[in-house]
Amino acid sequence: MKYTTEDDIELFNLEILQSLGYDCLCGYDIQPEAINQERENFSDVVLLNRLENALSGINPDIPPHCRQQAIRELLNITSPDLISNNEKFHQ
């Protein structure tokens, strides 16, 4: 009997995302001190440059200071309760 591993699940999900048109990168390629570094340290969960680019692409007519305010609000959800954080984030 073959067991499903975490790696199997990850690869399956990556295939789904790629079939939907997403680009997938290896985490080692964007980690701190990598050639294509996208985060300063491993505790940076949000890839800030990607978020800024996505908000600019989705909302090109919104003034930059409004996009920066949205980013600040997304990054400053500070409740210790995970459910509250998710509800606040989705508002």
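What you see is a predicted model; the values in this text were computed from it and never measured.

*Asks:* What am I meant to see in the overall build of the protein here?
*Replies:* The helix and strand inventory of the protein stands at five helices and zero strands. Starting at the N terminus and ending at the C terminus, the protein contains elements arranged as α-α-α-α-α. Taking the principal axes of the C-alpha coordinates as reference, the protein spans close to 55 × 35 × 30 Å. In the protein, buried positions account for 11% of the 91 residues. Look at the contacts in the protein between residues 6 or more apart in sequence, and 7% of them connect residues 24 or more apart. In the structure as shown, the protein presents an accessible area of about 8000 Å², 55% of it carried by carbon and sulfur atoms. Computed over 6 positive and 16 negative side-chain charges, the inter-centroid distance for the protein is 6 Å.

*Asks:* Honestly, the side chain of R67 in this entry has me stumped. Any pointers?
*Replies:* Its place among the elements puts R67 in helix α4 (residues 64-75). In this structure R67 is buried but unpaired, with D61 as the nearest side chain of opposite charge at 7.6 Å. There is a polar contact of 3.3 Å between the side chain of R67 and the side chain of S56. At a separation of 2.6 Å, a polar atom in the side chain of R67 contacts the main-chain carbonyl oxygen of I62. For R67, the residues in contact, after removing those within four places along its chain, are L55, S56, N59, P60 and I62.

*Asks:* Help me out: how do you make sense of the side chain of R39 in this one?
*Replies:* Relative to the helices and strands, R39 resides in the loop between α2 (27-30) and α3 (48-58). Among buried Asp, Glu, Lys and Arg side chains, R39 stands out as unpaired, with D44 the closest opposite charge at 6.5 Å. Only 3.0 Å separates the side chain of R39 from the backbone oxygen of D44, close enough to count as a polar contact. Discounting residues that sit within four places of it in the chain, R39 has contacts with I30, P32, D44 and L47.

*Asks:* Sorry, what's going on with a nonpolar patch on the surface here?
*Replies:* Taken together, F12, I16, L17, L20 and Y22 make up a surface patch of nonpolar side chains, about 510 Å² in accessible area. Mapped onto the elements, I16 comes out in helix α1 (residues 6-19). Given a relative accessible area of 34%, I16 falls into the partly exposed group.

*Asks:* How do you make sense of unusual backbone geometry when you look at a structure like this?
*Replies:* Across residues other than glycine, the phi torsion is negative in most instances, and most of the peptide bonds are trans. Backbone geometry at E33 places phi at a positive 70°, although glycine is not the residue there. Looking at the element boundaries, E33 is found in the loop between α2 and α3.

What counts, and where the lines are drawn
- Residues numbered from 1 in each chain as written.
- Predicted model: local features only at pLDDT ≥ 70, side-chain atom pairs only at ≥ 80, totals over all residues.
- Heavy atoms only, no water.
- Helix = DSSP H or I, 4+ residues; strand = E, 2+ residues; numbered from the N terminus.
- Buried < 20%, exposed > 50% of the residue type's maximum accessible area, 1.4 Å probe, protein only.
- Contact = heavy atoms within 4.5 Å.
- Areas by Shrake-Rupley, 256 points an atom, 1.4 Å probe, with all protein chains shown as cover.
- Lys, Arg positive; Asp, Glu negative; His and termini not counted.
- Charge placed at Lys NZ, Arg CZ, Asp CG, Glu CD.
- Salt bridge = Lys/Arg side-chain N within 4 Å of Asp/Glu carboxyl O.
- Polar contact = N/O pair within 3.5 Å; in protein donor to acceptor, adjacent residues only side chain to side chain.
- Patch = residues over 30% accessible without salt bridge, like charges linked within 9 Å, V, L, I, M, F, W, Y side chains within 5 Å.

By themselves these figures say nothing about function.
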